Amino acid sequence: MSHLTEDDSTIERKYVKEKKIGEGTYAVVYQGKEAATGRKVAIKKIKLGQSQAGVNGIELSAIREVKSLQELQHPNIIELIDIFSHKTNLNLVLEYLDSDLEMIIKDKNIVFMSSDIKSWMLMTLRGLDHCHKNWILHRDMKPNNLLVGKDGQLKLADFGLARDFGDPMAKNMSTQVVTRWYRAPELLFGAKQYGYAVDMWSVGCIFAELMLRVPYLPGETDIEQLDLMFRALGTPTEEDWPGFNELTQMKFQKYPKTPLKALFTAAGNDTLDLLEKMLSYDPNKRLTTREALNHPYFRNKPRPTPPGKLPKQEKSNHLNEPVSPSSSSASPY
Amino acid sequence: MSVRSSATAKSTPKKLASNGTNRQGEASLSNDNADEVCPICKNNRYLSPDMKLLVSECYHKMCESCIDRLFANGAGPCPICGQVVRKVNFAIATFEDLLVEKEIKIRKRIAHHFNKRQEDFPSLKEYNDYLEEVENIAWNLINGISLEETEAKIKAYQQENHDLIAANAQRMLQEEKLAKLVEEQEQKEKQSEFEKYQQTLEEERKLKATLKDEFIEELATSDASPEKILAEKKAAAAAAAAQRSSKQTAEHAAATPYGIAGNSVGMWLGLDREQMDDSMKDYDPVATEYADIDGYTLREKYYDPFTEVSALSKTGGFNIKFVHERALQAAFSGICDV
Amino acid sequence: MSSKKPKKPLYEQSTQFRHWRFSSSQLENIRTQTNTSTVERVKRLLTEELTLRETEQTDSPRPPPEEIPYLTADEELALCRYYEAMIRNFPGANFPDEVKATAIVYMKRFYLRNSIMDYHPKTIMMTCLFLGAKTENNIIAISDFLNIIERISREKISRDTIFRHELPVSQSMRFEYAVHHPYRASFGFFLDLQNFTKDLTKLKRIYEKSKEYIGTSLLTDLVFTYQPSQIALATIRMATKTLEAKLDINGYIRSKFPDKHEKFTDILNDIENTLTNFSPVSKDQAKEIDRKLHFCRNPEKNPNSALSKKRRADKEREREVRKTKKSKTLRDRQKELESVFQ
C-alpha cells in the first residue's frame, strides 16, 4: 500500500470507479479497477459524519474495519489494497470477489458434494484461525460475509464489527453483534465478556447450513432464536453449561436433546462429531479453530475439493437481497 | 486387514430355557448330532434322544442327568478337570466345538474393553498396530500363553484408557439407537410413499372413468364430429395428467425441504467416509505461513492480582487464560529482532 | 501440502513493524526534511499574506518573512514532546494507559511528516486522544470529552475542531491504527518470571515499576527504534535493579535467549540509557517555543488571515463560474432541442 509519500488525490487517481454494486446504511460500494494493472477492485465509499454515529466523528465501524484489515494478511481474508479520503468520504479499496457463500447456497442449480463442503469449511476455518491468532474476533460470521472468488478461494470479509479479545479491561463488550441466526447463546443471554467461541458458533451454523441448504436456526426475534436453538439442540442443562442459569434469569421450556443424525441424515460420524463440538453450549467447551482444523474430519475421506474445482455460479448477481437480517450494510463489502 | 470382533456384544452363552432352546428360540446345534456321547456316563443320543449336553464354565461337556447327579448338593469339582463348578453355571453351547466357544467368549470380553475406533488414531498405520496388539492379547488368552502378563496388560490398558473406553461404549449405544431411529423413519417413509402411490392410482382410475363417461355423453348429445370430441378429450386428459405430475413433484420437493441435499445422499453413501486418506498423512490443515509464537509455556494458573474475572465472565466464554496467553505472546513477539 | 519454507514470525505482519520503524538517524533526517520544506512554504505564504495586507492595511506591522526566526526541527520536536506529556494528565478513569499510549504514538507519527507551523500540537493532542479512545475500544462521547478538557485546561474547544482534524491525523498515519505497546509485554514477563522466582510480592512491585518506565519511554523515540517486547524487558531489568531485588534477571535473559546474546544485551542497554538520560521539556522552554511559533504559523490555517479570505473568495468565484457555465450549457442544449422542433 502507498505510504505517506503520496497524497490522497494521487491515490484516488489510481482507481477507476465503474458501477455501483451495493448500498448500505453508511457506505456505498462500487466495482472498479486499478488503472495501471486492470485488476478488479471493490471501492467502499464511507460517508463521514452523516449517519447517526456520525455525531462522534469517523464511524467506529469504519475504524474497526480498517484497523483489523490492515493487520491481517492471509489468503482467506480479504485484502485491503489501499485507502484514500476525499472531502467527506473515506474510501476503502478492497479486492474484488464475484460471489459469496450465501448466493452459492441459495443457487438451486448448484449441487454440493461433501468434499465441496469440506473445502469451504477448511478455508473458512483457516481465515478465522488467523484472526483469532491475532486476537481479533470477527463477530459477524455468516455466509453473506464469506466471499468467493472466481478461483474458488473463500475469504472472510466485512470486519466492521471486529474487535480484539483477551483484554482484561474490556468488561462491557457489546452483545448486539453477529447476525441473529448465527449468534451464539452466550450473546443472546447477554454475556458482557466473551471470547473466540462466539465466532465458532457462527461457523457451526454455517456448517449446518451448507449441509441443509437452508439456514439452520432462522429466528425472527431473540426469544424465538433461543427457542429454535433449544428445540434443535435441546435446552442446556447445568451439566452442559455450568453457570448458565446465573447468566440469565429467564426460564425456558425444557426440550430434550435430539441426536444431530436425525436431521443431518447423510452426514458421517466425523462430520457430526465436528458439528456437535462447534455447537457446544458451554463456550469453554466449544472447539477452537486449531482444534477444528485438526479434527479427523479434515483428514478423512473424501478429500476437500481443490478451490479451483469448486462449483460456482453461472453468473454473479450482486443486487440480490440477503434474507438474513443484517447487522451491517447489505453488501458484504 | 482389520479384524473386528462382533459389534453386538451380548454376554455369555445363552442360558438354558426349559424346552432346550436358547432364549431366541433357536434350536441348539448339539441336539441334532446323533453321535453325541456324554463323557461321564457314556450315554449316547441314540439311546436317549432327549439327552442334553451342557457346558461348564471350564468348557467341559456333560449330560443333564450327570450334572444333576454330581452337583445336586451344590458346588463340586468338575469330573474332567477338577475345577469347582455349580449346577447353575452350566449352559448350552452355541457351538459344537468348545474351543470356538471359549474363543468367542474371550474375544467378546476383550472387545468390551478394546473398543477404540479408527478415528481415535492419527494414522491408519497406528490403528492397524493397535488391532495387531489386540489380536496378540486375544491369541495369548485363548491359547493360555503368558496369561499373567497378558492380564496385566489388559488391566493397564483399561486404566489408561478408562475415559475413552467409556466414551466409545456410549457412542456405540448411541449409534445403535440412531440406527434404529433411522430405520424406523425409513419404514414410515416407505409406508407413506406406498399409500400415496395407491392413492394416485385410485385417482387416475377414477379420472379415467369420469372422462370416459363424459366422452360417451358428449358423443350422444353434441353436434360436433366424433373425431373432434375425441381430440378434445385426449387433450384434456393430457393436461390433467401433466398438472398432476407437476403437483406431485412440487409436493415432493416441499416435503423434503432439504431436497437438494437429499439428491446427493446417494453420492455420499457410496463413499467410505470414515477412512483416513493415506495421502493426507503429511497434510497440514492449518497451512499458515506464520509461525506460532514460542519461547514460553502457558501455565494453568498464575499469580495475578491485576485481572479480575467474574464467574459470569467465565460462563460467557471469557477465560483468564486469554489474558495470560496474549500477554506472553506480546512478551516474546519480536523480542529477538536484533 | 506441507511447505518446507521457514515460517514468518507473526509480528512481521503488523503495520507497526512494516511502516513505523526507524533508526535514530532516519528520524532525524525525516524531521529535518519536514521542517525545511515547511519553512520554505510558510515563508512563501507569509510573503503572500504580507502583500495582501499591505493593500488592505488592516493590521499592525509585522516583521518581514525573511527575517522571522523560524522554528528548528529540534524546537518542533520539543514542543511536541511537551504536549505529548500533557496527555498523561487526563483522568485514568476515561483514558486507561493503553489509550494514552496510543494517542501519544499517533501524535509522534503525525509530526514526523507534518509541522507544528501547520497544526498546533494542542489541537492535535486532543484529536489524537479522542481518536485513540475510539481505536482502543474505549470510545468516549464528544460532549463528555469536551467537558473533561474544559475541566482540566479551563479552555473551551469546539467539537468541530476535533472532527476536522480526525481525518488529517488518520491520513498522515495512513489509517494504520493498531499500535502495540510494551505494557502487555511487560505483564507477560511478569507472568513468565513466576517460573523463575518465588518472591511474588517483589515481582509485583517490579512489574509496577516497569510500567512507570514504560510511561517514560513513550516520551522518547524508543517506540520507533525498538520492539515493544524489547522495551518491556529492558524496563523490567531496570526495575529489578532499582528495587534491588534478588531476582537474577540476567540469568533469566541468558536462559531464554542463549544465542545472539551480545547483540541482545546491547539493545537492552541502549534502551536503558535512553530512559535514564531522558529529561522532560520544561514549561518555560515550551512557552518560549510557543512564542516563536506565533510568528511563523502558516497563514492558510488561520481563517481570519487575509490569505484565507482571499482563498475563500477565489473558491467562491470559481464555483460561480462553474455554475454559470453549467447553466449556460443547459440553456444552449435546450435551445438546440427547441430549434429542432421549429
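Residues numbered from 1 in each chain as written. Chains lettered and ligands numbered in written order. Predicted model: local features only at pLDDT ≥ 70, side-chain atom pairs only at ≥ 80, totals over all residues. Heavy atoms only, no water.

## Focus on the overall build of chain C
Next, step 1: Helices and strands together make up the secondary structure of chain C, namely 15 helices and 0 strands.
Next, step 2: Taken over the C-alpha trace, chain C has a radius of gyration of 26 Å; the compact-globule value for 342 residues is 20 Å, which it surpasses by more than 25%.
Next, step 3: Counting the 342 residues in chain C, one finds 49% classified as buried.
Next, step 4: Considering only contacts in chain C between residues 6 or more positions apart, those separated by 24 or more positions represent 78%. (Helix = DSSP H or I, 4+ residues; strand = E, 2+ residues; numbered from the N terminus. Rg over C-alpha atoms; globule rule 2.2 N^0.38 Å. Buried < 20%, exposed > 50% of the residue type's maximum accessible area, 1.4 Å probe, protein only. Contact = heavy atoms within 4.5 Å.)

## Focus: the overall build of chain B
Next, step 1: The number of helices and strands found in chain B is 9 helices and 4 strands.
Next, step 2: Taken from the N to the C terminus, the helices and strands of chain B come in the order β-β-α-β-β-α-α-α-α-α-α-α-α.
Next, step 3: A buried classification covers 29% of the 338 residues belonging to chain B.
Next, step 4: Pairs at least 24 residues apart make up 51% of the contacts formed inside chain B by residues separated by at least 6 positions.
Next, step 5: When the accessible area of chain B is evaluated, it comes to approximately 21,800 Å², of which 54% is carbon and sulfur surface. (Areas by Shrake-Rupley, 256 points an atom, 1.4 Å probe, with all protein chains shown as cover.)

## Some points on the interface of chain B and chain C
Reports often express the size of an interface as the amount of accessible area lost when the parts come together.
Next, step 1: Facing 31 residues of chain B, the contacting portion of chain C comprises 35 residues.
Next, step 2: When chain B packs against chain C, close to 3,100 Å² is buried across both sides, 66% of that on carbon and sulfur atoms.
Next, step 3: One can count 1 salt bridge joining chain B with chain C.
Next, step 4: One salt bridge in this structure joins Glu289 of chain B and Lys8 of chain C, with 3.8 Å as the shortest N-O distance.
Next, step 5: Linking chain B to chain C there are 9 residue pairs in polar contact (both at pLDDT 80 or more).
Next, step 6: Counted by class, the side of chain B that touches chain C contains 18 nonpolar, 6 polar and 7 charged residues. (Buried area = accessible area lost by both parts, 1.4 Å probe. Salt bridge = Lys/Arg side-chain N within 4 Å of Asp/Glu carboxyl O. Polar contact = N/O pair within 3.5 Å; in protein donor to acceptor, adjacent residues only side chain to side chain. Nonpolar A, V, L, I, M, F, W, Y, C, P; charged D, E, K, R; others polar.)

## A closer look at the nonpolar core
Next, step 1: The biggest cluster of nonpolar side chains holds 210 residues, and the ones touching the most others in it are Tyr216 and Phe264 of chain A together with Phe145 of chain C.
Next, step 2: Top element by residues in this core is helix 6 (residues 197-212) of chain A. It accounts for 12 residues.
Next, step 3: Not counting residues up to four positions away in its chain, the partners in contact with Phe264 of chain A are Ala208, Met211, Leu212, Tyr216, Leu272 and Leu275 of chain A.
Next, step 4: Judged by nonpolar contacts, the second largest core, of 15 residues, contains Phe114, Phe121, Leu131 and Ala138 of chain B. (Core = buried A, V, L, I, M, F, W, Y, C linked by side-chain atoms within 4.5 Å.)

## Concerning the UniProt feature "domain: Cyclin-like" (unreviewed entry) in chain C
Next, step 1: Under the present numbering, the feature "domain: Cyclin-like" (unreviewed entry) in UniProt falls on residues 84-171 of chain C.
Next, step 2: Segment residues 84-171 of chain C splits into 68% helix and 0% strand. End C-alpha atoms: 20 Å apart. (UniProt positions renumbered as here; feature names shortened; annotations may be inferred.)

## Considering the interface of chain A and chain B
Next, step 1: At the junction of the two partners, chain A supplies 58 residues and chain B supplies 47 residues.
Next, step 2: The largest per-residue losses of area from chain A upon contact with chain B belong to Trp135, Arg299 and Lys301 of chain A, which jointly make up 15% of the total buried on that side.
Next, step 3: Applying the counting criterion to the chain A and chain B interface returns 3 salt bridges.
Next, step 4: Across the salt bridge formed by Asp164 of chain A and Arg326 of chain B, the nearest N and O atoms sit 2.9 Å from each other.

## Digging into the environment of Pro69 of chain C
Residues and elements named next belong to chain C.
Next, step 1: Mapped onto the elements of the fold, Pro69 is located in the loop between helix 2 (24-56) and helix 3 (73-86).
Next, step 2: Taking the C-alpha atoms as reference points, Pro69 and Val39, separated by 30 residues in sequence, lie 10.0 Å from one another.
Next, step 3: Ignoring any residue separated from it by four or fewer positions in sequence, one finds Pro69 in contact with Lys292 and Cys296.

## Comments concerning the environment of Leu146 of chain A
Residues and elements named next belong to chain A.
Next, step 1: As for its placement among the helices and strands, Leu146 is situated in strand 8 (residues 146-148).
Next, step 2: Considered as a pair, Leu146 and Gln193 are 47 residues apart in the sequence and their alpha carbons are 26 Å apart.
Next, step 3: Ignoring anything within four residues of it in the chain, the contact list for Leu146 reads Asp100, Leu101, Thr124, Met141, Leu154, Lys155, Leu156 and Ile206.

## Considerations on a nonpolar patch on the surface
Next, step 1: On the surface, a nonpolar cluster with roughly 300 Å² of combined accessible area is contributed by Phe194, Tyr197 and Leu201 of chain B.
Next, step 2: Examined against the element boundaries, Tyr197 of chain B turns out to sit in helix 5 (residues 162-221). (Patch = residues over 30% accessible without salt bridge, like charges linked within 9 Å, V, L, I, M, F, W, Y side chains within 5 Å.)

## Here's the deal with the sheet that holds strand 2 (residues 27-34) of chain A
All names here are of chain A.
Next, step 1: Reading across the sheet, the 5 strands line up as 1-2-3-5-4 and stay open at both edges, with antiparallel pairing between neighbours. The sheet terminates laterally at strand 1 (15-23) and strand 4 (80-86), the two strands that pair on one side only. The sheet shows a mean angle of 25 degrees between the axes of neighbouring strands, direction not considered.
Next, step 2: Sheet analysis places strand 2 next to strand 3 (residues 40-47), joined by 7 bridges and oriented antiparallel. Note on strand 3: the bridge partner recorded for Gly32 is Val41.
Next, step 3: Relative to strand 4, helix 2 (residues 60-71) is tilted by about 145 degrees, and along the sheet it contacts strand 3, strand 4 and strand 5 (89-95). (Pairing = 2+ DSSP bridges. Axes fitted to C-alpha atoms, helices over the stretch in contact; angles between N-to-C directions.)

## Looking at the sheet that holds strand 6 (residues 99-100) of chain A
Residues and elements named next belong to chain A.
Next, step 1: In space, the 3 strands of this open sheet follow the order 6-8-9, with antiparallel pairing throughout. With one partner strand each, in any of the chains shown, strand 6 and strand 9 (154-156) form the two edges of the open sheet.
Next, step 2: Pairing of strand 8 with strand 9 involves 3 bridges; the strand directions are antiparallel. Across the sheet, Leu147 pairs through a bridge with Lys155, a residue of strand 9.
Next, step 3: Helix-sheet contacts for helix 4 (residues 114-133) involve strand 8 and strand 9, and the interaxial angle to strand 9 is about 30 degrees.

## Some words on the pattern of salt bridges
Next, step 1: By the definition in use, this model includes 49 salt bridges over all chains.
Next, step 2: Between Asp292 of chain B and Lys133 of chain A there is a salt bridge; the shortest N-O distance is 2.9 Å. You can see Asp292 of chain B sitting in the loop between helix 7 (259-269) and helix 8 (311-315) and its partner Lys133 of chain A sitting in helix 4, one on each of two chains.
Next, step 3: Put simply, Arg322 of chain C and Glu318 of chain C hold a salt bridge, and the shortest N to O gap is 3.9 Å. Of the two residues, Arg322 of chain C and Glu318 of chain C both sit in helix 15 (residues 306-340), 4 residues apart, roughly one turn of that helix.
Next, step 4: Through salt bridges with shared partners, a single network forms among Asp129, Lys133 and Arg290 of chain A together with Asp292 of chain B.

## Describing the environment of Ser186 of chain C
Residues and elements named next belong to chain C.
Next, step 1: Mapped onto the secondary structure, Ser186 falls in helix 8 (residues 182-192).
Next, step 2: Along the backbone, Ser186 and Ile206 are 20 residues apart, and their C-alpha atoms lie at a distance of 9.9 Å.
Next, step 3: Contact partners of Ser186, with chain neighbours within four places excluded, come to Tyr207, Ser210, Ile214, Ala232 and Ile236.
Next, step 4: Polar contacts involving the side chain of Ser186 include one to the side chain of Ser210, which spans 2.7 Å.

## Considering the UniProt feature "coiled-coil region" (unreviewed entry) in chain B
Next, step 1: Here, UniProt's "coiled-coil region" (unreviewed entry) annotation points to residues 147-214 of chain B.
Next, step 2: In the segment residues 147-214 of chain B, helix accounts for 99% and strand for 0%; the C-alpha atoms at its two ends are 88 Å apart.

## Examining the pairing of strand 4 of chain A
All names here are of chain A.
Next, step 1: By the criterion of burial, strand 4 is predominantly enclosed, with 6 of the 7 residues buried.
Next, step 2: Relative to strand 5, strand 4 is paired through 6 bridges, and the arrangement is antiparallel. Residue pairing across strands places Ile83 opposite Leu92, the latter belonging to strand 5.

## Things to note about the packing of helix 3 of chain C against helix 4 (residues 97-113) of chain C
Helices that pack against each other are described as a pair by the angle of their axes relative to one another and the distance between those axes.
Residue and element names in this part refer to chain C.
Next, step 1: One can describe the packing of helix 3 onto helix 4 by two numbers: an axis separation of 10 Å at closest approach and a directional angle of 165 degrees. Taken together, the axis directions place helix 3 and helix 4 in an arrangement best described as roughly antiparallel. Along this stretch, helix 3 crosses helix 4, giving a crossing that reads as right-handed. Taken together, the residues of helix 4 that come into contact with helix 3 (itself represented by Cys80, Arg81, Tyr83 and Glu84) are Ile104, Met107, Lys108 and Tyr111.
Next, step 2: Counted by class, the contact of helix 3 with helix 4 contains 5 nonpolar, no polar and 3 charged residues. (Parallel < 35°, antiparallel > 145°, perpendicular 65-115°, else oblique. Left-handed = near helix turned anticlockwise from the far one by under 90°.)

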